[in-house]
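Chain by chain, the residues run as shown.
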Amino acid sequence: MKAFINNIAYDFITGETILDFVRRIENNKNAIPTMCQDNRLENFGSCRVCSVEVALQKDGPTKTMASCHTPVTKDLYIYHNTEKIKRLRKNIVELVLSDYPTDKVFPAEDKKATPFQETIAQIGIPNVRYPEGENHLELEPDRSHPYIKSDLSQCINCFRCVRACEEIQGEMILGMSGRGFATNIIKGFDETFDESACVSCGACVQTCPTEALTDKFETKTLIADKTVRTTCTYCGVGCQLDVSVIDGKIRGIQAPETAEVNEGHTCLKGRFAFQFYDHPDRLREPMIKKNGKFEEVSWDEAYDFIAHKLIDIKNRHGADSIGAISSSRATNEENYLMQKMIRAAIGTNNIDGCARVCHAPTAYGMQESFGTGAATNSIEDLKQTDAIFLFGANPLKAHPVTGAKIKQAFMKGVTSIVVDPIKTSLAELADFHLQIRPGTNVAILNMIAHYIIKENLVNQHFIDAYTEKYEEFKAHVENLDMDELETLTGVSKALVRKAAIAYAKSERAMEFHGLGVTEHFQGSKTVMLLSNLAMMTGNIGKHGVGLNPLRGQNNVQGAADMGVQPHQGAGYMDVNNPENQKYYAEKYGVEKMPEFEGLKIPEMLDAAIEGKLKALYIMGEDTIMTDPNTNHSIKAFENLELIVVQELFMTATTRMADVVLPASSYFEKNGTFTNGERRVQRVNKVIEPIGNTKPDGQMVIDVMSRLGYDQPTGLTYDAAKVIEEIADVIPFMKGLSWERLGENGLQWPIKEDGTDTKMLHIDGHFKKGIGTFHHFDFEESPEISSHGEKYPFILTTGRELEHYNSGTMTRRTDNQTILPKDVLEVHPRDAKEKGIKDNETVRIFSDRGSVHVPIKYSKNVKRGVLRTTFHQPEVFINLITGSVGDKETMTPEYKVVAVDFERI
Amino acid sequence: MANKNIRSLSSRKGLDDNLFENIAELSHKNAPKKDFQKLAKRFLVDDSVIVGTSSFYDFTREENRAKKIHVCSGTACMVAKTQTNLQKNIEKHFKKEEIGHAACVGHCHTNNAFMFDDKTFSAATNEELTEILSMRGQSGTPNNSYNIASNTTPVLTSKIEKVSNFYALSEKFKANPQQVIQELKTSNLRGRGGAGFPFWFKLDAVIKEPLNATGEETQKYIVCNADEGDPGAYSDMYLLEHQPHKVLFGMYMSGLSVGADTGVLYIRGEYPDSIRIVSNAIQELKDNKLIGNFKFKIIRGQGSYVCGEETALLNSIEGLRPEVRVRPPYPTQYGLYGKPTVLSNVETFANIHWILENGGAAYASLGTKLSTGTKLVSLDSFFNAPGIYEIEMGTPLATVFNEFGKGVKSDIKAFQLGGPLGGIIPMHKIEELSLDFESLKSNGFLLGHASVVSIPTDFPMIKFLEHLLEFTADESCGKCYPCRIGSFRGMELLQKAQNEDYKIDQHLFADLLETLEIGSLCALGGGVPLPIKNGLMYFKEELNQYFTSN
Ligand SMILES: Cc1cc2nc3c(=O)[nH]c(=O)nc-3n(C[C@H](O)[C@H](O)[C@H](O)COP(=O)(O)O)c2cc1C
Ligand code: SF4
Ligand code: SF4
Ligand code: SF4
Ligand code: FES
């Protein structure tokens, strides 16, 4: 269908607005000026400067319409630059300027123009003919927030911030108050940013076309030497960031609107928490502990020391006396090199990663069910789903950008089911919240399956055509006693039934799960039962469905892909298989590969205590702080002959090391991260390495070389070249290359020609040929059966938005001002029974030890359940966590700890 | 469409536990902050949503929560100059901070109007006032009587003999929505709220709305716009209070036709009696089981003129800020809580029974070809016989004013017909005009809602225009730039020209009017230039002194 722009006919797209049409045809995003419009927001129509004249016939009588919210219709004649329109725009600007600071009309000399300044310059800046009248120029700025400030005297009431807060972040912190000329932006209950419940995402700042809302870095108006796009290091969402650099220093971060993953959004960690990078605490020189004290040494000395020691230990105790822990925060290339060093240069499979403490059960369980241990679908599928089943995850805190998208869907009324012992804000919004007792995941999933079968809501066709062992599963759950499970889980069976029906009846249902699934005694089993749920309802292999793990750290997926696992090498090939050993040996150019699978982290620690493991090489992990049962870890470390740690900062782990190597942060190196939807994205070097640091990958190459293995891509770490090697080794990454990754990355499998994959197991064609049902009984965690009586409370741990894991980075930014401490959430009645007041510090203790922590009354936990976070070293919660782990993968059960607490 | 999340959260509790009513209730109680916060939490929205809404309305905003009595500040009372005296009298009984304002309480026929104790009154003297105040808390309907007559077959003003018989007509049409639409189409009934949009079209559009994703019939709504905000207009008030069943039947029949099970009446808070009478009428229907499962809900306005604008009205019911929405989508597609909605004016709905009873053709034979049927006209107290008159469309205005209004009491130089956005008709043009959409429009005026406010000869036109801009600035929702800033600057200009040695740059003023007219999002900002231009055109001599000459 055609419409006319200045009397020339063009094809338009159905539903397209006049604004989009004209912009597209004229290929000029400034073809029509706008103020209140933002491509990411719903059209609003407040500023009216986008007005155009339209007529139903050529040069016929016209009407003036706002182009941003008026759809093009057939044979419409559009005149967007007539004298009348130019006059209107200028007259509107004149009105706006009558209530706008005169010294902000033009950009200051050393600053970039704001979008508003650009727009008025484009329209033509009029003389303000109105006599001075009432205005808002005296409004006081709000500087209460560590990152965000407002100066509403510059506000032009475009509502973009209000809409961004609601439509992008899913909060409603910003609002408008009053009416008419007296309308005013407010925060929360008309209070300051700091007092409001603002989650500091910065969406409002980024969209504000003036400097009414700015961040403390004034990112919007920075004239940067360069802006480098890179991938955020803070979680598995993998947001793209535009980092501005002036004089070699990072000065601000914006979210690129063209990023497929985050579409111009981030959370406060990605956007604001970068100041750690040149914090005085950064390690800047290699150090060796001599006589119990660290001394700065040269790189050569450090390397020689390490190589000498490793070779010595290997000679004396064999290669299997050496182990390594790689990092889900490091790049793929670095993880690849690390596992290669351990396997090819040292000759053992004792390589594991921090995925062990988080998502190993996901990888394992999904491989057992489907054949691939990765998200089946993409986040963009949220736009197409009818139901979201969120199990044991709080993405608003841990995966904020995906969390915000899920929240949007919840609010807009998609069928929503949350299983979580905590009443998270998503749980509160959900149609169904199954608030289980921690540790009863298998029980609740069995209940759900039971009701789906009982209600006859299974997709028999899918089951018959694409899966096996359904009948055994069915027989198993059919016969379970629902009353018993109701008591166990603490969730009414009527509610479970309703939720099960809602899930099964949805045309397309998407499952998401987090550490609340994996960090359990029955973690892998729970993953397999979640897989069952998807299979039995046919929710696999199309858009808007599937099983989508919310990956903890930014590169958990990548580290596993690269072979940071003791039983599988790069690309998930079983290392026990001689064929595979041959394959790897050939690829790595070595004679032979180690023959048997290696030790998992908990096994390494046990081996150390037993004296079998002698050396541990750690890349970017604070094992002491983050692994459970700290005293046990310390004992293991004390027994080692050599501990090497590559790190950014001094941590509990580096303190115990013999050699500490200062690592460059992700701003200081190239590489790739793989996000939770299998998307390999570029990490681009933004600045030169700080001090005398080196990228982790460089250190590994250097050590490897001294161990007698020269990395074939050269002795200088070059991510692009390492990627070529990875593409050659990992079959499902054949088409991977630095060039092809472009701005938005590629989702594996990546075919040789570079086409990538949004969705796995299309139409039920499982990677492993056929989907397999498993069935399990609920089993009480030994933690509860052995200690539950003595320690009657269940402690479960989680994360807060402001911090990342042990907080080494975020605690060294203003995020620490926003959230300075860990607290223990306790049901008020439980606390009151013990005579403990809100905010009082208590001693919480388990069979392993005790810590002190301030409590917070909270009805988000049920009675008998306690929740805390593990971001601050002061609390060191892992002194009390236990050694129980997932049976299959040994992932620790952080989510169920038998404890008690008392006044101090 | 903005605010989808808040709208959706509000719709979870819907009309029964309505967000807007909750906010109003807390405001009236002058509840502490924590109660508002609890409400926000209960609706899973942030505090800013609640504050945003409560700060919008005259009767809910914080600074007005202590007001005990509201003096009418409407146009008719203003030109009648009764309010200064009334205010003085009231100040004898109340502290200044207890006295608020209401923009027209529907006593335009007697003036001296105010609202007190959830009732409206007129009191010309302190004695009358004292007596009224002394009756506080007593039930009963205060006197608000005016003339009622018709110059043709009474469609709207005829008496209903028996309510059950009246509703029996629905049985005949229940099963045949297409026939309802056909009759309405034949009748050419056009919206009486001002825009004159063919009514059948809305029913047709809502019927055609597809089933929802799960194949079930979508929730649909009927909404009656009873926010009659035009100062000077009280014809909807007449219908609500004297003919509630005509209105309710129209909504009910519309609901049956399009598959909507709920009808919402948005009645302005300045009409407390209307609310009581309509709710009694609804109770009567329920008691007599005359409307099956159909549900009626009354939402009480909280003092805002822009809520009469249809999309602002929908937002208002939802508890959102009543900022005008962009269109499309139209309410027929995306109306109340985002669902397909038939939204029309009180008087529009009130015509439906007669049309279905007598046939669309009979209705079309009343009035002119393009403006069929009758129209209620409300005359203010300058007429010798103020009141509500049902006038056949096309009747000469002079007939209405002289035969029904019995002429005016004092020297009048112009009439504003159709509310604050309606034209200012100079006395000498009355003879040329008739009461219908076309005659008024083609002469540069508007039919609007057909209220008539007289402008006395001694009332300065500049003051009248200032009043119009002040009203617009006060009532502007504040969303679009031309209206939010422009109406305010316009008001300032007119004030400055009167109070200081200052002349308004006439080019600037012309630019301002054009910007308002073509730039505004809705007909508030877009409409106010019309009467102002009328004023400038017909009262040049009076106004010239305030403007520069070139
Ligand atoms: C500022 C403004 C105020 C309005 N006030 C009213 C009103 O009080 N009553 C009304 O019925 N329509 C009012 N309208 C018109 C409505 O937007 C809408 O057109 C009307 O209710 C539709 O019903 P109808 O088709 O039956 O006329 C107003 C419009 C504007 C722009
Ligand atoms: S920073 Fe984010 S949450 Fe806070 S007000 Fe801005 S948009 Fe809302
Ligand atoms: S603060 Fe910025 S984004 Fe918000 S309304 Fe004002 S100018 Fe627009
Ligand atoms: S013209 Fe604009 S600001 Fe005025 S009431 Fe309409 S939408 Fe609101
Ligand atoms: S860009 Fe269209 S009204 Fe602002």
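Residues numbered from 1 in each chain as written. Chains lettered and ligands numbered in written order. Predicted model: local features only at pLDDT ≥ 70, side-chain atom pairs only at ≥ 80, totals over all residues. Heavy atoms only, no water.

**Brief notes about the overall build of chain A**
For chain A, the helix and strand inventory stands at 31 helices and 35 strands. Relative to the 2.2 N^0.38 estimate, which gives 29 Å for 904 residues, the radius of gyration of chain A is 29 Å and therefore close to what a compact globule would have. Summarising its shape, the C-alpha atoms of chain A cover approximately 90 × 70 × 65 Å along the three principal directions. Contacts spanning at least 24 positions in sequence make up 73% of the contacts within chain A whose residues lie at least 6 apart. For chain A, the computed accessible surface area is about 31100 Å², with 47% contributed by carbon and sulfur atoms. (Helix = DSSP H or I, 4+ residues; strand = E, 2+ residues; numbered from the N terminus. Rg over C-alpha atoms; globule rule 2.2 N^0.38 Å. Contact = heavy atoms within 4.5 Å. Areas by Shrake-Rupley, 256 points an atom, 1.4 Å probe, with all protein chains shown as cover.)

**Some points on the interface of chain B and chain A**
Counting from both sides, the interface comprises 63 residues of chain B and, opposite them, 56 residues of chain A. Summed over both partners, the interface of chain B with chain A buries about 5100 Å², with 56% contributed by carbon and sulfur atoms. The tally of links from chain B across to chain A stands at six salt bridges. Viewed at the interface, chain A and chain B are joined by 30 residue pairs in polar contact (both at pLDDT 80 or more). Contributions of two or more residues to the side of chain B that touches chain A are made by helix H1 (4-13), helix H3 (33-42), helix H4 (47-54), helix H20 (461-475), helix H21 (481-499) and helix H22 (506-519) of chain B. (Buried area = accessible area lost by both parts, 1.4 Å probe. Salt bridge = Lys/Arg side-chain N within 4 Å of Asp/Glu carboxyl O. Polar contact = N/O pair within 3.5 Å; in protein donor to acceptor, adjacent residues only side chain to side chain.)

**Some details on the nonpolar core**
In this structure, Tyr167(B), Leu265(B), Phe296(B) and Phe509(B) are the most contacted members of the largest nonpolar core, which totals 170 residues. Discounting chain neighbours no more than four positions away, the residues touching Leu265(B) are Cys224(B), Val247(B), Leu248(B), Met251(B), Val278(B), Ile282(B), Phe296(B), Lys297(B), Ile298(B) and Ile299(B). (Core = buried A, V, L, I, M, F, W, Y, C linked by side-chain atoms within 4.5 Å. Buried < 20%, exposed > 50% of the residue type's maximum accessible area, 1.4 Å probe, protein only.)

**Here we look at helix H11 (residues 400-412) of chain A**
Residue and element names in this part refer to chain A. The end-to-end C-alpha distance of H11 is 18 Å, a good match for the 18 Å that 13 residues give at a rise of 1.5 Å each. A large share of H11 lies buried, amounting to 11 of its 13 residues. Looking only at H11, the buried set comprises Pro 400, Val 401, Thr 402, Gly 403, Ala 404, Ile 406, Lys 407, Gln 408, Ala 409, Phe 410 and Met 411. At the C-terminal side of H11, Gly 413 shows a positive phi close to 105°. (Expected span 1.5 Å × (residues − 1).)

**Some points on the site of ligand 1**
All names here are of chain B. Near ligand 1, the surroundings consist of 19 residues, among which Gly 193, Asn 225, Ser 344, Asn 345 and Thr 348 are the closest. Between ligand 1 and the protein, one listed contact pairs an oxygen atom with a side-chain N or O atom of Ser 344 at 2.9 Å. Asn 345 places a polar side-chain atom, nitrogen or oxygen, 2.6 Å from an oxygen atom of ligand 1. A total of 610 Å² of accessible area belongs to ligand 1 in isolation, and the protein chains cover 91% of it. Looking at the shell around ligand 1, the elements that each hand over two or more residues are strand E9 (341-345) and helix H23 (523-527). Per element, the largest residue contribution to the shell around ligand 1 is three residues, and it comes from E9. Its residues assigned to classes, the shell around ligand 1 shows four nonpolar, nine polar and six charged. (Near = heavy atom within 4 Å. Nonpolar A, V, L, I, M, F, W, Y, C, P; charged D, E, K, R; others polar.)

**Observations concerning the domain arrangement of chain B**
Domain boundaries in chain B define domain 1 (2-55), domain 2 (69-145), domain 3 (155-364), domain 4 (374-456) and domain 5 (461-546). For domain 1 of chain B and domain 4 of chain B, the distance between their C-alpha centroids amounts to 42 Å. (Domains from an automatic or database assignment.)

**Re the sheet that holds strand E4 (residues 119-122) of chain B**
Each strand in a sheet pairs with its neighbour through backbone hydrogen bonds, running either in the same direction (parallel) or in the opposite one (antiparallel). Residues and elements named next belong to chain B. Pairing is mixed across the open sheet formed by four strands, whose spatial order is E2-E1-E3-E4. Edge positions in the sheet fall to strand E2 (99-102) and E4, since each of these pairs with one other strand and no more. Direction aside, the axes of adjacent strands within the sheet are offset by 30° on average. Bridge count between strand E1 (residues 69-72) and strand E3 (residues 113-116): three bridges; the pairing is antiparallel. What sits directly across from Val 71, in E3, is Phe 114. On top of the sheet, helix H6 (residues 83-91) reaches E1, E2 and E3; it is set at about 165° to E1, its chief contact. (Pairing = 2+ DSSP bridges. Axes fitted to C-alpha atoms, helices over the stretch in contact; angles between N-to-C directions.)

**So, the sheet that holds strand E25 (residues 659-662) of chain A**
Residues and elements named next belong to chain A. One open sheet holds the seven strands; their spatial order is E14-E13-E25-E24-E23-E15-E16, and the pairing between them is mixed. Edge positions in the open sheet fall to strand E14 (293-296) and strand E16 (351-353), since each of these has one partner strand only. Put simply, the sheet's adjacent strands are angled 20° from each other on average, direction ignored. Pairing geometry for strand E15 (residues 322-326) and strand E23 (residues 615-619), over four bridges, is parallel. Following the sheet pairing, Gly 323 is matched in E23 by Leu 616.

**Observations regarding the packing of aromatic side chains**
Within this structure, the stated rule accounts for 55 aromatic pairs over all chains. Look at Phe473(A) and Phe773(A): their rings are 5.5 Å apart centre to centre, the planes differ by 20°, and that puts the pair in the stacked class. Of this pair, Phe473(A) sits in helix H15 (residues 470-478) while Phe773(A) is found in the loop between strand E29 (771-772) and helix H29 (782-787), placing the two residues 300 residues apart along the sequence. Each member of the pair, Phe473(A) as well as Phe773(A), carries the same accessibility label: buried. With 6.1 Å between their ring centres and 75° between their planes, Tyr791(A) and Phe845(A) make a pair best called edge-to-face. One end of the pair, Tyr791(A), is in the loop between H29 and strand E30 (793-798); the other, Phe845(A), is in strand E32 (residues 841-845), and 54 residues separate them in sequence. Comparing Tyr791(A) with Phe845(A) shows no difference in burial state: the two are buried. What links up through ring pairs into an aromatic cluster is the set Phe166(B), Tyr167(B), Phe249(B), Tyr252(B), Phe294(B) and Phe296(B). (Phe/Tyr/Trp six-rings, centres within 6.5 Å; stacked < 30°, edge-to-face > 60°.)

**As for the environment of Leu642(A)**
Residue and element names in this part refer to chain A. Within the fold, Leu 642 resides in strand E24 (residues 642-647). C-alpha of Leu 642 to C-alpha of Lys 614: the two residues are 28 residues apart in sequence and 6.6 Å apart in space. Apart from residues no more than four positions distant in its own chain, Leu 642 is found in contact with Phe 305, Ile 306, Lys 309, Leu 310, Ile 313, Lys 614, Ala 615, Leu 616, Asp 658 and Val 659.

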